[in-house]
Amino acid sequence: MIFNRLFCNRGILIQNFRQHGWIGILYLITLLFSLPLYIATEYRDAPQQITSLFQANGEVQILFAITLPVAAGIFLFRYIQSGAPSDLFHSLPLRRKHLLTVNLLTGYAMILLPIWITTAITGWVWTVLDQPAFLFDGSTIWMWGLSMSIYSLFMFMLTVAVGMCIGQSVLQGLTVYALLLLPVVVWFIMSLHLQHYLLGYPYDELGRNAEEMSLVLRMASISYAPITNGELIIYSIFAILFIPLTYVLYARRQVESATQAVTFTLVKPIFRFGLMFTLVLIGGAYFTIIAPRGSAGWGIFGYVLGGIVGYIVAEMIIRKTWLIWSSRLLPKLILYGIVAGLVLYIPIADWNGYAARVPELNKVNSIKLGGERYIYSNGVNQKMDDGHLYSNDPEYMGAVIALHQKIVDSDLPILNDPINPGMRNDEYVFINYKLDNGKVMKRKYYIPEAEFHQELMALKQSQDYKRVAFETYKLEEDALSFGIRSSTSSYRKVYISNPEQVREFKELLKQDILDQTYEEQRSPWQSFAYAEMNQDSTSKDPSQPREMWNFEIKPSYDRVLAWLKENKLYDQLLVQADEIISAQFAKQEINSPGFLQWANPQPEYIDGSLSIKKQVATQNKEIISDLLKRQRSGYKTEKDTIYQIKLNVTRGENIYMMLKEEDLTEGMKAILVNQ
């Protein structure tokens, strides 16, 4: 009786459902439309095997899960944000914990019942559907119900907890989403800061991790990135922790704090510093991006400007007026500025040893070069097991550590372009050390090849490097067939499906790749052809294609080229000079100081501007033969003279290629002398 009168007061329960029950009804309708109705009405020629119901319209389902529970939290506790309703409810013969309990129970009912009803109806649809568009099992349905319940409870409890610290409903809603996005924003911009000022900081995994850090961003990847148990456990823990926190905050909240921006004095400095530091990072990142190259002062100016603006805006929000000037404003601004400066400086300070740290060989178990790899299978992106990419070969590890040590000891301006670090330097080095203490140490650099030629040559000529960099470990697995396409003409293709030929080709290709020299790896010339290895699909979905892996066939791969000739396949890939009617040359000047451009074959350049660009055409078979023997691969440059070339084939095909001015033969120079 006491429990019914106090903790579950019938009058307030009925009033809540009368006034705000539409939120639960709307939640139920939207979930029914987005899941069971979608599954029942979707048609596909071949049913899709799915492992999560979020693979079927999951973005829409998550959108409802992060909006309607927030609306429930705002409307149910609207009374504590307004003066008159706050006085009315707090004058009732109920203690605050009784008011909070009955409102929380109302919210739970409004967001959980629609989910459970939708789960039950989805199960019924699954059992009666004759020709389903999606194939899944019963556990998938229960997992969807559990995931949606956890996400919705998390959003609801976060909204209620924030509402206890905020005195305005609009600001409460904005703060909820700001808190969800704040970790991503701070991490992203802080990573940019570390990338700019901290030598070797790895940052390429930010995009994938960002989606896991925010439920708002998770919406974009929910259909192809599976929900992990770790995510659900973390959101469950937060949702549970918010419950006692809400009781504590509500018990200490002043009734007079309604309509105030921040209700607790203790929260005000946190809010002030959080907003200020966010704008410090944004200001620094923005001015670093727009700054002229090599101008470090712009970034510092951005940090200072962001800090001043952030502090003033936070102060105006807290005081609810723009008239904030007082004698204490400037000292407090300086104090907050010093704290923000320390947070920015300490991670990049020389004395913390991060940039200069190179592990000793006897403390490293194995090394991997390169970042994480993902594979799209069964409708989701999955991180590949990278255990086979690590090597514990002493020679290989010694070469990596020697290169790392020279990078650390070098005074080269390695971080000269924080936004596009790979644009200035032409070698990318991403080192993963597995240390003997079980930790993984990562470092990432872009370096100029000329300054590290000896170290790079020692590393890249090792067998373990080539095994990973050129993926020869895949050639040790079973293959169904190979498709080989000429790099000169996409119409020239051959297909190898005979098991004996597949085995021979695979073995020779692996040997040629492992035997190539460092100079051959850096060759500027286009490959002779590309080989596509087809394997059996590991996917349960019959509509998923087979797994394919691509390999270059370079002009230096003597074993493979000899095998192709022996098996009468080489000539089928080769374009003969007799097949070419004429060759057209168009000179292209690239001159963009400070901005690297891609120099590569551009059909639109030579085809689309015949009237304004001077072109030279020739039918000289010697020149055409020279052109067919080598083609320049694409590269980046600020200033260069290149020739866009078009070969007109007898059967109507056009072949486009490119040469640098220094690549021209004497015969070519003779016909281009006046261009």
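Residues numbered from 1 in each chain as written. Predicted model: local features only at pLDDT ≥ 70, side-chain atom pairs only at ≥ 80, totals over all residues. Heavy atoms only, no water.

What to know about helix H13 (residues 267-290)
Because an α-helix packs 3.6 residues into every turn, residues spaced three or four apart end up facing the same way. With 24 residues, H13 should cover 34 Å at 1.5 Å per step; its first-to-last C-alpha distance of 35 Å lies within 8% of that length. All of the buried residues in H13 are Arg-272, Met-276, Phe-277, Thr-278, Val-280, Leu-281, Gly-283, Gly-284, Ala-285, Phe-287 and Thr-288. Those residues of H13 hidden inside the fold are in contact with helix H9 (169-197), helix H14 (297-319) and helix H15 (329-345). (Helix = DSSP H or I, 4+ residues; strand = E, 2+ residues; numbered from the N terminus. Expected span 1.5 Å × (residues − 1). Buried < 20%, exposed > 50% of the residue type's maximum accessible area, 1.4 Å probe, protein only. Contact = heavy atoms within 4.5 Å.)

Quick word on the nonpolar core
By size, the foremost hydrophobic cluster in this structure holds 68 residues, and its most contacted members are Tyr-27, Phe-77, Phe-154 and Phe-156. Among the elements of the structure, helix H2 (10-34), helix H4 (58-65), helix H5 (68-76), helix H7 (96-128), helix H8 (138-165), H9, helix H11 (215-218) and helix H12 (229-252) are those that each provide at least two residues to this core. Here the element with the most residues in this core is H8; it accounts for 15 residues. Every residue in contact with Phe-154, bar those within four places of it in the chain, is listed here: Leu-180, Leu-215, Tyr-235, Phe-238, Ala-239 and Phe-242. Of all hydrophobic cores here, the second largest spans 26 residues; its members include Ala-399, Val-400, Val-408 and Leu-459. (Core = buried A, V, L, I, M, F, W, Y, C linked by side-chain atoms within 4.5 Å.)

Description of empty space enclosed by the protein
Across all of its chains, the model carries three cavities of 30 Å³ or more by this definition. Its boundaries defined by the atoms lining it, the second largest cavity holds a volume of some 40 Å³. When contributions to the lining of the second largest cavity are tallied by element, the ones reaching two or more residues are H9 and H13. Across the lining of the second largest cavity, the residue classes break down as five nonpolar, four polar and no charged. (1 Å grid on protein atoms, 1.4 Å probe; cavity = no way out; pocket = protein on both sides within 12 Å on 5 of 7 lines; lining within 4 Å. Points joined across faces, edges and corners; volume = space filled by probe spheres on them. Nonpolar A, V, L, I, M, F, W, Y, C, P; charged D, E, K, R; others polar.)

Digging into the sheet that holds strand S17 (residues 654-660)
Two orientations exist for strands paired in a sheet by backbone hydrogen bonds: parallel and antiparallel. Pairing is antiparallel in the open sheet, where four strands are placed in the order S14-S12-S16-S17. Among the strands making up the open sheet, the edge pair consists of strand S14 (615-618) and S17. Averaged over all adjacent pairs, the angle separating strand axes in this sheet is 25°, with direction ignored. Across seven bridges, the pairing between strand S16 (residues 639-649) and S17 is antiparallel. From the neighbouring strand, Ile-645 faces S17, where its bridge partner is Met-657. Against the sheet, helix H24 (residues 621-629) makes contact with strand S12 (580-591), S14, S16 and S17, and its axis sits at roughly 60° relative to S12, the strand it touches most. (Pairing = 2+ DSSP bridges. Axes fitted to C-alpha atoms, helices over the stretch in contact; angles between N-to-C directions.)

Topic: the pattern of salt bridges
Once their charged atoms are close, side chains differing in charge can pair, the charge on each being opposite to the other. Within this structure, the stated rule accounts for 19 salt bridges. A salt bridge links Arg-559 to Asp-512, with the shortest nitrogen-to-oxygen separation between them at 3.1 Å. Within this pair, whereas Arg-559 is found in helix H21 (residues 558-566), its partner Asp-512 is found in helix H19 (residues 499-515), the two being separated by 47 residues in sequence. In this structure Asp-512 comes out as buried when scored by relative accessible area, which is 5%. (Salt bridge = Lys/Arg side-chain N within 4 Å of Asp/Glu carboxyl O.)

Digging into the sheet that holds strand S8 (residues 481-486)
Strand order in the open sheet formed by four strands is S9-S8-S10-S11, and the pairing between neighbours is antiparallel. Here the strands that pair on one side only, and so sit at the sheet edges, are strand S9 (493-496) and strand S11 (547-553). Looking at each pair of strands side by side, their axes are set apart by 20° on average, direction ignored. With seven bridges joining them, strand S10 (residues 529-535) and S11 adopt antiparallel strand pairing. Following the sheet pairing, Asn-534 is matched in S11 by Met-548. With respect to the sheet, H19 is in contact with S8, S9, S10 and S11, its orientation differing from that of S8 by roughly 60°.

As for the layout of surface pockets
For the second largest pocket, the calculated volume is near 1,100 Å³. Lining the second largest pocket are 39 residues; nearest its centre among them are Thr-175, Ala-178, Leu-179, Leu-180 and Leu-182. Those elements giving two or more residues to the lining of the second largest pocket turn out to be H8, H9, helix H10 (206-213), H12, H13 and H14. No other element matches H9, which puts nine residues into the lining of the second largest pocket. Here the residues of the lining of the second largest pocket sort into 33 nonpolar, four polar and two charged.

Description of the environment of Leu-135
You can see Leu-135 is positioned in strand S2 (residues 134-135). The partly exposed category is assigned to Leu-135, whose relative accessible area is 33%. As for Leu-135 and Gln-49, which are separated by 86 residues in sequence, their C-alpha atoms are 4.6 Å apart.

Brief notes about the side chain of Ser-391
Among the structural elements, Ser-391 can be located in the loop between strand S5 (380-383) and helix H16 (394-409). Other than its neighbours up to four places away in sequence, Ser-391 contacts Ser-366, Ile-367, Tyr-396, Met-397 and Asp-464.

Quick look at the packing of aromatic side chains
Note on aromatic pairs: each is described by the distance of the centres and the angle between the planes. The final tally for this structure, using the stated rule, is 22 aromatic pairs. A ring pair is formed by Tyr-428 and Phe-430, whose centres lie 6.5 Å apart and whose planes are at 80°; its orientation type is edge-to-face. On the basis of relative accessibility, which here comes to 2%, the residue Phe-430 falls in the buried class. Grouped by ring-pair contacts, the aromatic residues Tyr-151, Phe-154, Tyr-235, Phe-238 and Phe-242 constitute a single cluster. Here Arg-96 stacks its cationic end above the ring of Tyr-250, 5.4 Å away from the centre of that ring. (Phe/Tyr/Trp six-rings, centres within 6.5 Å; stacked < 30°, edge-to-face > 60°. Lys NZ or Arg CZ within 6 Å of the ring centre and 35° of its normal.)

This is a description of form; function is not addressed.
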